[in-house]
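# Tertiary structure, described
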Amino acid sequence: MARIIDKIKERRKELQRDSRVASQTALAGSSDTADDAHHRDGSLTSTSNAQQPPLVQPGWYYSFEFFPPKTEPGLDNLLTRIDRMCRRLDPLFVSITWGSNGSTLSRTLAVASHAQRFACVDVLLHLSCTGLTREQIGHVLAMAKSSGVHNILALRGDPPQGKRAWKEGDVSGGECDRAIDLVKLIRRLHGNYFGIGVAGHPEGHPSSQKGDNGKALEMQHLKEKLDAGADFVISQFFYDVNVFLDYVKRCRKVGIDCPIIPGIMPVQSYSSLVKMTQFCGISVPSAVMDRLSNIRLDDEAVKQVGCKIVAEMCEQILSAGLEVGVDGFHFYTLNLERSTTRILTSLGAVDIMSRSGTTPFVHETKSSNEDLIGEIICTGPNGSQTRERQGSISEQARSTRRVLPWKPSAMENRSKEDVRPINWSNRPKSYVMRTDDWDEFPNGRWGDSTSPAFGELSDLSHFCSFTLGSDEDRRAMLGHNPQAESDVYEVFARYVEGSVPHIPWCETPLQPESFLIQPQLAKLNRYGFLTVNSQPPVDGLPSCHKVFGWGGKGGRVYQKAYFECFVSPSKANRLTQMVTDHPSLNMYAVNNAGQELRVGVEEGGVTALTWGVFPNREILQPTIFDPDTFLIWAEEAFSLWGSMWLNLYEYGSESYDLVQEIRDTYYLVALIDNDFTTDGNDVSEFLLLDLLLEVGKADEKL
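Computed from a prediction, not measured in an experiment: that's the story for all the values here.

## Considerations on the overall build of the protein
Check the secondary structure of the protein and you find 20 helices and 23 strands. By the burial criterion, 54% of the 702 residues in the protein qualify as buried. At a minimum sequence separation of 6, the contacts of the protein that also span at least 24 residues come to 74%.

What follows is the structure in structure tokens.
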């Protein structure tokens, strides 16, 4: 289901289903006595708040707009940000803008292709007809189709070079005069393959006639675009909600009944608000300006108040939207993430997970870097203090709706894929690339891993380049001059704590579910268990659980404890004894030379590590461990020591020899506890974690 219009229709069905269930629940509960404030689990709550629904119901959606930067570093940063925002915030789609006369063609298509293929989100590709021939447009559409893109925003585009603004009657200067001609061309060339969006202007297009006649003519033009084959409308941004709602009502009155998505522009600074609204002819209510004018010189304060203002706008639209068929938002992010994330958090669409167990000295800072939400003040052994990165706000965010524990692909050929091995959880782009040529993808069960071939490692190097940055960026993260194993251990520990954003085996920050065991993970890494993957056990938590939930309402989710780490040969031997002493544990290990250790393991057997039970569905097992696939992953994991770390240092140097020694002697170990039952819902302590800490503590005393 790659067309945006189809996804919106499905969300509306979901909202209708939930509304019916809510109505039935309310009707069934009307016979309860007013003073019955006890829940079935015995807890107490206020009767006035018990039935309040969240602001964002399951059928609501949101999307983000990005534009391609002009520089290579800017492009790398944007791709990383899109990955992060899409995986943590789960937008319905993202739109990628188009430069005047196709000036950003290559970059626009590069960003669109990456987002569709690797960020696992459907893309709405902007396409304007300014200065383009029909043949050129056809070529762009063909490239979009080959990249898996199924959605086009059809625009006339920016004014021709030398003009500041369109005037009444102006045409594009290309072979498609206006957006309606582009809509017709797309439908003629590709039928219904593409979902098509068009632009709407609540306060009127700058080139339109003014007054009632101009409004009527513009409404006529919009309806003609929809009659020609467009599916939905995305509006220009606004700050007066009444203006937008009146616009929607006028659309409905003339028979425009398609989805109309309000464009939302977060306030980034007072000066940019004034310039942008004046340039685009957007009115700003005096009440909004009054709240911002007194703090106009404080950009951080303006952002915070601006987020509140925009969140209130969204709440007002949500309250009135059902009457006019408005059920989503499109955020003009300006390639920034903090304000959008804050707004979504205010609306209840996103939860911010606290980094449990990190140093308590965490506070908000007024930083020029909009990504950062604060700093961590770290106290060293000698009492000195340093400030370290705490991370982006969306690193700690999680959408309140997750279909699977991992982000499903947005590519049509992978639409039925619902099972993946756990090993690539923190390098999903690598997994997608290495399996891109498969004819079929696991659905329902993993099957035979020896049948499909994984892609070659030689093609993977560029998947780390934009994530870990330049050589100097990597030295800053991984160490300029490591001298001892403990220096390497510290890098892994600091990644777990959030002060190092990436390591070669983890292209994304720590997953929110690992926040619950973050102090223990950091300690394990300082003991020499260099963790690259882990999950605590879960025993039948509700599928709507904020941290572990997935799959929708009404289900129960389960998972086995899993740890994957690099360890020295001596620690591998101790782990062997640990597993031997505990029958519920399995251990798989291999070193760079291919020597294997297996303990507590019978031959064969794919192990389900995550599964869920839901009403009217078969049991889902989206995450598995396969011993044969583990060996394929291990080859990649060991190669990263060389390609992403070892090559930072001069051959023969102490740092080079240290990293080489670790690569060539350490084992990659996978540990599974098959007993997933827990005492209560506290996942911060469990057998496998306790045993590893005991081994590490014992080693430290030797």
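## Quick notes on the sheet that holds strand β14 (residues 420-421)
Spatial ordering of the open sheet is given by β14-β22-β21-β17-β16, a layout of five strands whose pairing is mixed. Strands with a single pairing partner mark the edges of an open sheet, and in this sheet they are β14 and β16 (538-542). For strand β17 (residues 556-559) and strand β21 (residues 607-613), the ladder comprises four bridges, and the chain directions are antiparallel. Paired with Q559 across the bridge in β21 is T610.

## Some points on the pairing of strand β4 (residues 151-155)
Taking burial as the measure, the five residues of β4 include four buried ones, the bulk of the element. Relative to β4, strand β3 (residues 122-128) runs parallel, the two being bridged by five bridges. Residue pairing across strands places L127 opposite A154, the latter belonging to β4. In this region the chain leaves β3, passes through helix α4 (residues 134-146) and returns to the parallel neighbour β4; the handedness of that crossover is right-handed. Summarising the sheet, β4 and strand β5 (residues 195-200) pair through four bridges and their orientation is parallel. Across the sheet, residue L153 finds its bridge partner in β5, namely G197.

## Here we look at the nonpolar core
Core analysis: the largest hydrophobic core is formed by 97 residues, its most contacted members being F64, V94, L127, I137, L222 and F331. Per-element tally for this core: the top contributor is helix α10 (residues 299-324), with 10 residues. Among the nonpolar cores identified, the runner-up in size contains 90 residues, and C506, W550, F566 and F614 belong to it.

## Brief notes about the sheet that holds β5
Spatially, eight strands are ordered β1-β2-β3-β4-β5-β6-β7-β8 in a closed barrel, and the strand pairing comes out parallel. Across this sheet, the average inter-strand angle for adjacent strands is 25°, counted without regard to direction. Here helix α3 (residues 105-117) sits on the sheet in contact with β2 (93-96) and β3, set at roughly 165° to β3.

## Quick look at the packing of helix α6 (residues 211-227) against helix α7 (residues 241-253)
It is the contact of α6 with α7, at a shortest axis distance of 10 Å, that shows an interaxial angle of 65°. In terms of crossing hand, the pair formed by α6 and α7 is right-handed. Here K215, M219 and L222 of α6 come into contact with α7, specifically with Y247, R250 and C251. Of the residues contributing to the contact of α6 with α7, the split by class is four nonpolar, no polar and two charged.

## Thoughts on the pattern of salt bridges
Applying the stated criterion across every chain yields a total of 28 salt bridges. Residue R117 pairs with D436 through a salt bridge whose shortest N-O separation is 2.4 Å. Taken together, the residues span a long stretch of sequence, with R117 in helix α3 and D436 in the loop between α12 (428-434) and α13 (462-468) at a distance of 319 residues. Across the pair D699 and K571 runs a salt bridge, and its minimum N-O distance is 3.5 Å.

## So, the pairing of strand β22 (residues 620-625)
Judged by how many residues are buried, β22 sits mostly within the fold: five of six residues are covered. Two strands pair when backbone bridges link them, and β14 and β22 are joined in this way by two bridges, in the parallel orientation. Among the inter-strand pairings, R420 is bridged to a residue of β22, identified as T623. Relative to β22, β21 runs antiparallel, the two being bridged by four bridges. Counted as the bridge partner of A608 is I624 from β22.

## Details of the packing of aromatic side chains
Overall, the coordinates contain 29 aromatic pairs when judged by the stated rule. Judged by centre distance (6.4 Å) and plane angle (55°), the ring pair of F329 and F331 falls under tilted. Classification of F331 by relative accessible area gives buried; the value is 0%. Grouped by ring-pair contacts, the aromatic residues F492, W505, F566, F638, W641 and W645 constitute a single cluster. Between the NZ or CZ atom of K571 and the centre of the ring of F529, over which it lies, the distance is 5.9 Å. Over the ring of F614 we find R617, and its NZ or CZ is 4.8 Å from the ring centre.

## A short note on the side chain of S514
Take S514: it is sitting in the loop between α15 (485-497) and α16 (518-527). What makes S514 buried here is its relative accessible area of 4%. In this structure S514 touches L521 and S534, once residues within four positions along its chain are discounted.

## Structural notes on unusual backbone geometry
Unusually for a residue other than glycine, D90 sits at a positive phi of about 55°. In this fold, D90 is placed in the loop between α2 (72-89) and β2. Classification of D90 as buried rests on a relative accessible area of 18%. Backbone geometry places N616, a non-glycine residue, at a positive phi of 60°. Within the secondary structure, N616 sits in the loop between β21 and β22.

## Section: a negative patch on the surface
Taken together, the side chains of E485, E654, D657 and E661 present a region of like negative charge at the surface. Among the elements that make up the negative patch, the one with the highest residue count is helix α19 (residues 654-665) (three residues). Tracing the backbone through its elements, the reader meets E654 in helix α19. For E654, a relative accessible area of 54% corresponds to the exposed category.

## Regarding the environment of E618
When you line up the elements, E618 lands in the loop between β21 and β22. By relative accessible area, E618 is classed as exposed at 70%. Note: C-alpha distance between E618 and G444 (174 residues apart in sequence) is 8.7 Å.

## A look at the confidence of the model for the protein
The pLDDT averaged across the protein works out to 83; a share of 81% of its residues lies at or above 70. Note on residues 356-389: pLDDT under 50 across the span, and 73 contacts to partners over four residues away in sequence or across chains. Counting contacts from residues 459-466, a segment whose pLDDT is below 50, to residues more than four positions away or on other chains yields 22 contacts.

## As for the packing of α16 against helix α20 (residues 687-701)
Taken N-terminus to C-terminus, the directions of α16 and α20 make an angle of 35°; their axes are 9 Å apart at the nearest point. For the element pair α16 and α20, the recorded crossing hand is left-handed. Seen from α16, the contacting residues are Q520, K523, L524 and Y527; seen from α20, they are L689, L692, L693, G696, K697 and E700. Among the residues making up the contact of α16 with α20, the classes are represented as five nonpolar, two polar and three charged.

Thresholds, definitions, all that
- Every chain is numbered independently, its residues counted from 1 as its sequence is written.
- The predicted origin of the model limits local features to residues at a pLDDT of at least 70 and limits the giving and counting of side-chain atom pairs to 80 or more, whereas totals for whole chains, interfaces and linings rest on all residues.
- The side-chain numbers reported here are obtained from all heavy atoms of the structure, hydrogens and water having been left aside.
- Per the convention used, a helix needs a DSSP run of H or I reaching at least four residues, while a strand needs a run of E reaching at least two, with both numbered from the N terminus.
- A 1.4 Å probe rolled over the protein chains alone gives each residue an accessible area, and that area as a share of the maximum for its type sets the label: buried under 20%, exposed over 50%, partly exposed in between.
- Contacts are assigned to residue pairs that have any heavy atoms within 4.5 Å of one another.
- Paired strands, in this sense, are two strands between which DSSP finds at least two bridges.
- Throughout, right-handed denotes a crossover for which the path from the first strand over the helix to the second runs clockwise when the strands point away from the viewer.
- As used here, the term nonpolar core means buried Ala, Val, Leu, Ile, Met, Phe, Trp, Tyr and Cys residues forming a set that is joined through side-chain atoms within 4.5 Å.
- All axes are obtained by fitting lines to C-alpha atoms, using only the stretch in contact for helices, and the reported angles, taken between N-to-C directions, cover 0 to 180 degrees.
- Each helix crossing is assigned a hand: it is left-handed if the near helix lies turned anticlockwise from the far helix by less than a right angle, otherwise right-handed if that turn is clockwise.
- Charged means Asp, Glu, Lys or Arg here, nonpolar means Ala, Val, Leu, Ile, Met, Phe, Trp, Tyr, Cys or Pro, and polar covers whatever is left, Gly included.
- What makes a salt bridge here is a side-chain nitrogen of Lys or Arg within 4 Å of a carboxyl oxygen of Asp or Glu, nothing more.
- Ring pairs are drawn from Phe, Tyr and Trp, using the six-membered ring of Trp, whenever the two centres fall within 6.5 Å, and their geometry is named by plane angle: stacked under 30 degrees, edge-to-face over 60, tilted for the rest.
- The criterion for a charge sitting over a ring is simple: Lys NZ or Arg CZ within 6 Å of the ring centre, and within 35 degrees of the ring normal.
- Each patch is assembled from residues with relative accessible area greater than 30% and no salt bridge, linking like charges that lie within 9 Å and nonpolar side chains (Val, Leu, Ile, Met, Phe, Trp, Tyr) that lie within 5 Å.
- Every accessible area reported is derived by Shrake-Rupley at a probe size of 1.4 Å, with residue values counting cover from the shown protein chains alone.
- Only four residue types enter the charge count: Lys and Arg as positive, Asp and Glu as negative, with His and the chain ends excluded.
- For this purpose, a charge sits on NZ of Lys, CZ of Arg, CG of Asp or CD of Glu.
- Each residue carries a pLDDT score, the predictor's confidence in it, ranging from 0 to 100.

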